[in-house]
Structure formats: C-alpha cells, structure tokens
Amino acid sequence: MFCTSMADVAGEFGVPYYIFFTSAASDLGFISHIQQLHDESGFDVAEFEGNELAVPSWARPIPRWAFPPNIVNKEWLQLLYRIARVFRRARGILVNTVRELESCAVDSLSFTKVHPVGPILNLKAGAAAAAGGGGVPEEEAIEWLDRQPESSVVFLCFGSMGAFREEQVLEIANGLEASGLRFLWVLRRPGPEGTRAGPTDYQDVREVLPKGFVDRTAGVGRVMGWAPQTIILAHKAVGGFVSHCGWNSTLESLWFGVPMATWPMYAEQKLNAFLLVHELEIATEIKIDYRNGEIVTAEEVERGVRRLMERDCSREERLKKFSDCIKKALMDGGSSSASIAEFIEGCKSSGGM
C-alpha cells in the first residue's frame with residue numbers, strides 16, 4: 001500500500017495494477033475521503049477544527065481525536081494524498097478485511113473495485129526469539145498459562161513498535177497489581193529518544209518495574225519480552241487482550257474470540273479503536289484517545305482491565321458473531337473466498353495476469 005511508485009512501472013508496460021491494502025477498509029475510506037475533499041474543495045484535514053467529520057465509509061462521524069496523529073505533518077499529509085490518488089487509478093484494491101465485518105466501508109468504496117480478501121493472518125507463527133534475561137522465557141510463559149483457569153488471564157501486548165518509558169511502566173505495573181487479576185505482560189525497552197530505532201528486550205525487567213513487583217505478583221502474573229502473540233491469544237487461559245489496535249492484532253484477537261481493551265498508540269490505531277468500541281461495540285478501552293507522551297494512570301489501568309474481564313453478554317455475543325464470520329469468510333463459498341476468486345477471474349479476463 002506504500003509501494004505506489006510501482007504503479008508507474010505498470011504504466012510503462014501498459015498493464016493494470018492492483019493495490020494490497022493491509023489495514024481496515026474503513027481506514028481506506030478515511031484516506032480516500034480526505035484526499036477527495038482536498039482535491040475538490042481545498043479541504044485541509046490538518047487544520048480541521050471541528051469536533052467530528054462525517055466520512056461515507058463510517059456509520060458514525062469520526063471524532064477529531066481519532067484522526068491519525070501524523071496528519072498534522074504537512075509533508076506526510078501530501079504523501080498520503082499522492083498515495084490515495086494512486087489508489088483511485090488502480091484496477092482494484094485487495095483489502096485485508098471481511099465484508100461482514102466492515103460492510104458499510106466496503107459498500108461505500110466505489111472509486112474502484114474493492115476485494116475484501118481477509119483475514120490474512122500467520123496463525124502458525126512460532127517463536128523467533130526468547131525473552132531477555134529478566135523476562136520470563138516463552139516456554140515458561142506457556143507452561144504458566146497451562147496452569148491458569150480458563151479465560152482468567154489479561155494479556156498485554158502493544159505490537160512490534162509498542163514500548164513505554166519508565167514512568168508509564170510504573171503506572172501499568174501498579175494498576176495491574178491493584179487489580180488483583182492474573183496477567184501476562186509483554187514489556188519491551190523503547191528505542192533511544194530522538195531515533196527511529198524499534199523496541200528491544202530488557203536484560204532484566206526488574207530495572208524498570210516497582211521494587212518487589214515481580215516477587216509480589218509471582219502468584220498471579222508474568223512479565224516477558226518478545227512474545228508469539230497468536231500462540232498466546234489461542235490459549236484457553238487468556239480472557240482479555242490489552243492491545244494497541246494494530247489491524248493484524250485486531251484480526252488475530254477476533255479470530256480467537258478474545259475480548260479487547262483498546263490502547264492505540266500511533267498511525268491509524270485510534271481509527272481502529274473507534275471502530276471496535278463505538279461502531280462494532282466489541283471492545284472496551286484503557287485509553288482510546290491516548291496521545292503520545294501522555295501518562296495513563298494506575299487507576300485508569302486498573303479500571304480498564306477490570307472492565308475488560310467483567311462479563312458482558314451482549315458484547316460477548318457480538319464478538320462471537322464476528323469471530324465466526326471471519327472464519328467462515330475463508331471457507332469455500334465464504335465471502336472472502338468468493339472475492340479472491342472474483343479477483344482472479346477479473347485478472348484473467350482483462351489480461352492482467
């Protein structure tokens with residue numbers, strides 16, 4: 001979806017091109033709508049001062065706080081507009097979503113042919129690395145989960161780029177301890193400030209946790225470094241997932257039917273969180289309108305994880321419905337299976353294959 005310069009190569013050879021869009025169809029609708037408003041009327045989303053914006057791919061107006069944080073960067077925004085224009089000229093767009101999950105968004109995208117082909121997931125992803133010296137190794141974490149009651153553990157994981165500074169780590173730790181809930185927490189060291197370096201594992205997580213935290217919570221929790229997320233989400237002991245709302249993590253959680261509490265951090269994750277909490281109504285929140293650098297208090301963490309683990313029959317029924325539908329979508333006769341077949345036939349008939 002960001003390799004749109006290849007469209008020029010396709011043009012030189014006189015062949016059609018398709019886009020693979022790895023995020024939600026509703027995100028695609030947001031991008032294409034603000035680009036259309038900009039090109040047709042000079043609308044500048046970076047200077048938008050209203051409380052919410054109506055977007056055709058969304059059932060509800062999108063609040064200003066849910067906009068991707070990078071749109072205030074004019075250089076980045078111009079790049080986004082250029083990419084969106086390339087999307088419009090594509091023969092079609094394959095989106096990693098399911099029609100039944102985002103029917104409003106899929107049906108609204110009329111500027112080109114949209115093929116919802118998801119969920120495209122790597123459900124057999126195993127361990128690529130072990131945790132650092134102070135974190136619990138993967139094998140020990142799984143063995144610990146094996147000993148926990150069904151649906152009793154809160155799993156906290158914030159994606160490949162998700163990491164917090166020490167002050168926030170202390171608040172999360174204090175909130176988890178105060179909740180008394182069982183937890184498995186993926187804790188990683190952020191890259192040096194002022195760089196684009198990604199997170200790494202701690203040599204010893206005790207250096208950033210409250211004194212005595214690991215010992216005091218040994219009976220109910222574990223802290224680890226890098227984790228095989230799909231293996232953990234598939235475990236019967238996991239009953240809730242505190243997530244940054246990246247789209248892959250969202251689809252994985254839906255696949256395994258694990259309730260989510262949203263804590264979006266960057267990119268389009270606030271849009272995804274808004275979709276989950278307010279449109280689909282299948283998730284709760286820790287801090288849905290989180291701003292980078294903001295400190296979420298221990299009380300907010302405690303309240304959020306408690307709410308996540310409380311029974312909510314209506315939310316659970318909706319989650320189960322969507323979990324079932326995304327699995328059926330890939331079966332013979334399912335919506336995504338049919339969409340893939342339609343894409344292939346379109347390529348063959350137009351000479352695009």
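Residues numbered from 1 in each chain as written. Predicted model: local features only at pLDDT ≥ 70, side-chain atom pairs only at ≥ 80, totals over all residues. Heavy atoms only, no water.

- Per an unreviewed UniProt entry, the chain carries the name anthocyanidin 3-O-glucosyltransferase and comes from Linum tenue.
- As stated in UniProt under Catalytic activity (unreviewed entry), the record for the chain gives "an anthocyanidin + UDP-alpha-D-glucose + H(+) = an anthocyanidin 3-O-beta-D-glucoside + UDP".
- What UniProt states about the chain under its Pathway (unreviewed entry) heading is, verbatim, "Pigment biosynthesis; anthocyanin biosynthesis." (UniProt positions renumbered as here; feature names shortened; annotations may be inferred.)

## Here's the deal with a nonpolar patch on the surface
Line of reasoning, step 1. Taken together, the side chains of Met 6, Val 9, Phe 13 and Val 15 make up a nonpolar region of the molecular surface, amounting to roughly 400 Å² of accessible area.
Line of reasoning, step 2. For Val 9, the position within the fold is in helix H1 (residues 6–13). (Patch = residues over 30% accessible without salt bridge, like charges linked within 9 Å, V, L, I, M, F, W, Y side chains within 5 Å. Areas by Shrake-Rupley, 256 points an atom, 1.4 Å probe, with all protein chains shown as cover. Salt bridge = Lys/Arg side-chain N within 4 Å of Asp/Glu carboxyl O. Helix = DSSP H or I, 4+ residues; strand = E, 2+ residues; numbered from the N terminus.)

## Topic: the side chain of Gln 148
Line of reasoning, step 1. Inspection of the secondary structure puts Gln 148 in the loop between helix H5 (138–146) and strand S6 (153–157).
Line of reasoning, step 2. With relative accessibility at 9%, the residue Gln 148 sits in the buried group.
Line of reasoning, step 3. Of note is the side chain of Gln 148, whose polar atom sits 2.9 Å from the backbone oxygen of Trp 144.
Line of reasoning, step 4. Only 3.0 Å separates the side chain of Gln 148 from the side chain of Arg 182, close enough to count as a polar contact.
Line of reasoning, step 5. Those residues within four positions of Gln 148 in sequence are excluded, and the remaining contacts are Val 153, Arg 182, Lys 236 and Ala 237. (Buried < 20%, exposed > 50% of the residue type's maximum accessible area, 1.4 Å probe, protein only. Polar contact = N/O pair within 3.5 Å; in protein donor to acceptor, adjacent residues only side chain to side chain. Contact = heavy atoms within 4.5 Å.)

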